[in-house]
Structures are given as structure tokens and as C-alpha cells.
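Residues per chain are reported as follows:
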Amino acid sequence: MYRKLFFITVFMVLLGGCGVNNSVDDVMRPPKLSITEEKVKNEIDNILEGGGELVTPLKGDNMSSVNFKDLDKDGKEEIFILYKTNKDYPLRILILSRRNNGWYKDNTIKGIGHNFDMIDFKDITGNGNSEILVTYNGGEYNNKVINIYSYGKENINNIFNNTYEKIACQNLDHDGAIELVLIKLDKLKGPRAQLYRGDGNKINLINEVKLDKRVIGYYNILIGNPKSNTKGLFIDGSILEYASITELLVVDKGKLKNVFYDKNTGIVDKTYREYYCLSEDIDDDGFIEIPKLRRPRGYEGKDFNLVPWIYSWYSWDGSEGLDIESEGYHNLNQGYYFEFPQKWDYNITLNHIYKNLEKDMLIFSYLYNNKAHHIFTITTFKVETWNSLNKEKKEGYMELARSKDKIYLVSFSNKKYKNKEIRNKVIGIDEIKNNLKILY
């Protein structure tokens, strides 16, 4: 009963049915509802009284159990109420439209699965009206299922259904039309990506491309700019136990293309790395970079779990290759990224020391004549730990940044290096601050 009252109250606030008033009598008195609001309230009431439960999608731009969208462009929004029942086709969407100053039940979309993965409203067919895109998580074979419906009052048709592992639905070639890309893990045919495009009435398969045959799962998909005037799909996939790759898909001359795929080997070797990494716009320049991993000098042959991996960030060269953009270190334990200065080279090495989360030390050194020369150290303390230290133990530290519960400090070597090559690698506190990015 309390759950029902909660959802009804939230929904009435969304409709603007109740305001805030300081009068106790007004607060205690049930709000006066218009006929239209009463109709919507009754529909939600019927769902909950029948054992249903309002649910929200797991992701996307419409993460609400109640969504508003004017699909037929008549100036009046339709209402989409997402709920779950214990009946056949347990995932359902009740659609209400407003006609003659009242709300009317148009139809109910029914689906099978554990959750709504996403609901979206886009003109995928290109006919000028938005379709309803619904995806379900956990079908019969634990696949994700996509259904696309055309909408008309009292006339909702399922015009597309398929399965997928990852999905993208956006204009990728700057022609104004939306492309639908489904990423699939197919045990018989192998991993592949399919491109679909609408023709005004239906959604057609344009082409499909093979993906790296070693991939056992995809953990990230990102739509972004790999190069000027280009959009692409960056798909980070896992292979083996820890290793991963990034595949870049672009729409070229109307068809999908896997940029780094080697047809002879069936793999994407150019973006291989020993650990999971996420493609991202690491330098905030508007373009997506692809990470690879490099061992610092002195860690050759060591177990990969013991290596403080340096991230090397690459951009697409517009053909089939990569150009290096920058390097840096992700301190995932402490939530920061440090970008290396441009003047640093392969002789910079790292030592990451952390016995617990109270204190974390990242030591930067320069190797010269096979000897490590200390440049500086970034130390992270919990704020409460730092505050408990006496004055002597705080000497030599300079503050770089703070987060809610951490303080980031730098300490420099007291040694004055006479060698010009070593001195050239030393940077000051201002440059360290500029190159330090707090992630969370």
C-alpha cells in the first residue's frame, strides 16, 4: 500500500497536480484532481492493485517509469508507463494519449525478460515520426532483445525485432538519417556487427562486418569522433582472462566498416593490450583516444599484475593505423590520472607503493646509466589520516588537490642534479597540478 501511494504521489507531482503549501489542512486534505489526472491515477492504481510494479529502465536517456513524448506531433504528449507483472509477457508499457481533454488507453506493449534495458523515441524509419525503441534484458537465452514499434492512436505495430550484445542508435555519417548498429556474439558465425537503416516504412539490414574472433564479451561501447568530421563506434572487448582490444566501426560510403580488422587473421591486433582499458577523450580535445599499455623500464619480464602500466593514448590516423597522442598513468586505487609532460621519454619509470588505502605513493624516476634518479612523488592520504599527522611528518609535502575524502600531495627530490639530461625531466608544481586529473 505504501509503495502504491509513493508512486502515485510522485506521478501527480510530475503532472503538476499538487503544489507546495504551508497550510496543515491543505497538506492533510487529498488533492483535488482534474478528470484527466484522475484517469491517469486510476490506470496506475489498477496496475499496482493487480500485482504490478512500476519499473525503470537500466540505462538510457529515459530512465523513468513514466515517460512523456509527443510521437505523432499533434502537440499533445503521450504517456508511457513501464511496469512488471507476474503474468505472461511480464514486462509491459501502457500507452495513454490525450484526446478531447481526457486520457485514453491506446495499447499495451508486452515483452519477455528480466528488466527493461532501455526505452527510446527516435525516427529510425525516416518517415518524420518517432518510433518506440524498447530493449529487454535477459530473454530466453539471456540475450538482450530489441523491438521497434511504429505508433498511431489505437494502432501500434512491431516493425523490427532482433537480439544483440551491444547497441548504438545514432546518425554516424552526418547525412541526418539514424543508423542502428547491433553488436552480436554469435557462437556459430563468430562476433559481428550489423548496420540497419530505415526506408520510410521498415528497417533494413544494410551490411554486416566481422569482429575479432577472440572476443568473449564487450564491456564498453562509445559513440564519438575518432577524427575531424567523422563519427565512429569504439567497442572495447575482452579476450582471454584479462586482455582486451578496441574495435573502431565507421560508416564509409553508406556501409559499416571495421577499421582495424585483419581479414587474413580474423583479429584486431593493433589495439591489443594486456589489461581492460576504456577508450575515452583523455585530453578533452573532442576526439576519442584508444589506450594501449606499455611496461615502464625495469619491469621487463615481470608478472603483469606487478607492473605499473603506462597508458599510451592513440588516435585513428584516418586510414588503418594509429598515431600516438600522449602517455600517462591511471591510479585506479586513488582515482586520478597523471598525464606525462611532452618532454618525457621512455627512460621515465614508475614505482607504485600502496600497502593500504591510508597512504599511496607513486614515485617518478628517470633512468640514466642504469640508475634511477628520483624526480618527484605523488602521495595520496585519506583526509582524516593526513589531519592526524604531526607537523614534522607533513614536512616536504605540497598540496596538489583534494577530493571529498582524499588529499593529493607532491614531494620533490632534495638532490640537485648536475646532469643536463636529468635536469631537463624535472617539472615544477604548477605543471604537475595542470597534468593531474581527479577522476572521482
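Coordinates for the structure precede this section.
Residues numbered from 1 in each chain as written. Predicted model: local features only at pLDDT ≥ 70, side-chain atom pairs only at ≥ 80, totals over all residues. Heavy atoms only, no water.

Details of the pairing of strand 17 (residues 255–258)
Now for step 1: Burial of strand 17 is one-sided: the residues Leu-256 and Asn-258 facing one way are buried, the residues Lys-255 and Lys-257 facing the other way are not.
Now for step 2: Pairing of strand 16 (residues 244–252) with strand 17, which is carried by four bridges, proceeds in the antiparallel orientation. Of the residues in strand 17, the one forming a bridge with Val-250 is Lys-257.
Now for step 3: Hairpin remark: strand 16 followed by strand 17, antiparallel, with two residues in the connecting loop; positive phi at Lys-253, about 55 degrees. (Buried < 20%, exposed > 50% of the residue type's maximum accessible area, 1.4 Å probe, protein only. Helix = DSSP H or I, 4+ residues; strand = E, 2+ residues; numbered from the N terminus. Pairing = 2+ DSSP bridges.)

Here we look at the nonpolar core
Now for step 1: By size, the foremost hydrophobic cluster in this structure holds 30 residues, and its most contacted members are Val-181, Ile-183, Ala-193, Leu-249, Leu-256 and Phe-260.
Now for step 2: Of all the elements in the fold, those that place two or more residues in this core are strand 11 (179–184), strand 12 (192–198), strand 14 (215–227), strand 15 (230–239), strand 16 and strand 19 (310–316).
Now for step 3: Top contributing element to this core by residue count: strand 16, with five residues.
Now for step 4: If near-sequence neighbours (up to four positions away) are discounted, Leu-249 is found in contact with Ile-183, Ala-193, Val-209, Leu-211, Gly-232, Leu-233, Ile-235, Leu-256, Lys-257 and Asn-258.
Now for step 5: Tyr-336, Leu-400, Ile-422 and Leu-436 belong to the second-largest nonpolar core, a separate cluster that totals 23 residues. (Core = buried A, V, L, I, M, F, W, Y, C linked by side-chain atoms within 4.5 Å. Contact = heavy atoms within 4.5 Å.)

Considerations on the sheet that holds strand 20 (residues 322–331)
Now for step 1: Reading across the sheet, the five strands line up as 18-19-20-21-27 and stay open at both edges, with antiparallel pairing between neighbours. Strands at the two margins of the open sheet, each flanked by one partner only, are strand 18 (290–294) and strand 27 (436–438). This sheet shows a mean twist of 35 degrees between the axes of neighbouring strands, independent of strand direction.
Now for step 2: As judged from the four bridges shared by strand 20 and strand 21 (residues 336–339), these two strands associate in the antiparallel manner. Counterpart to Tyr-329 in the pairing with strand 21 is Phe-338. (Axes fitted to C-alpha atoms, helices over the stretch in contact; angles between N-to-C directions.)

A few points about the environment of Val-250
Now for step 1: Relative to the helices and strands, Val-250 is located in strand 16.
Now for step 2: Taking C-alpha positions, Val-250 is 20 Å from Ile-324, a pair spaced 74 residues apart along the chain.
Now for step 3: When sequence neighbours within four positions are dropped, the list of residues in contact with Val-250 reads Thr-230, Lys-231, Gly-232, Lys-255, Leu-256, Lys-257, Val-259 and Trp-316.

Considering the environment of Glu-384
Now for step 1: Its place among the elements puts Glu-384 in helix 4 (residues 383–388).
Now for step 2: For the pair Glu-384 and Asp-405, spaced 21 residues apart in the sequence, the C-alpha separation amounts to 7.7 Å.

Brief notes about the packing of aromatic side chains
Now for step 1: Overall, the coordinates contain 23 aromatic pairs when judged by the stated rule.
Now for step 2: Arranged with centres 5.8 Å apart and planes meeting at 70 degrees, the rings of Phe-338 and Phe-376 form a pair that is edge-to-face. Here Phe-376 lies in strand 24 (residues 371–382) and Phe-338 lies in strand 21, a separation of 38 residues in the sequence. Phe-376 shares its class with Phe-338; the two are buried. (Phe/Tyr/Trp six-rings, centres within 6.5 Å; stacked < 30°, edge-to-face > 60°.)

By themselves, these figures tell us nothing about what the structure is for.
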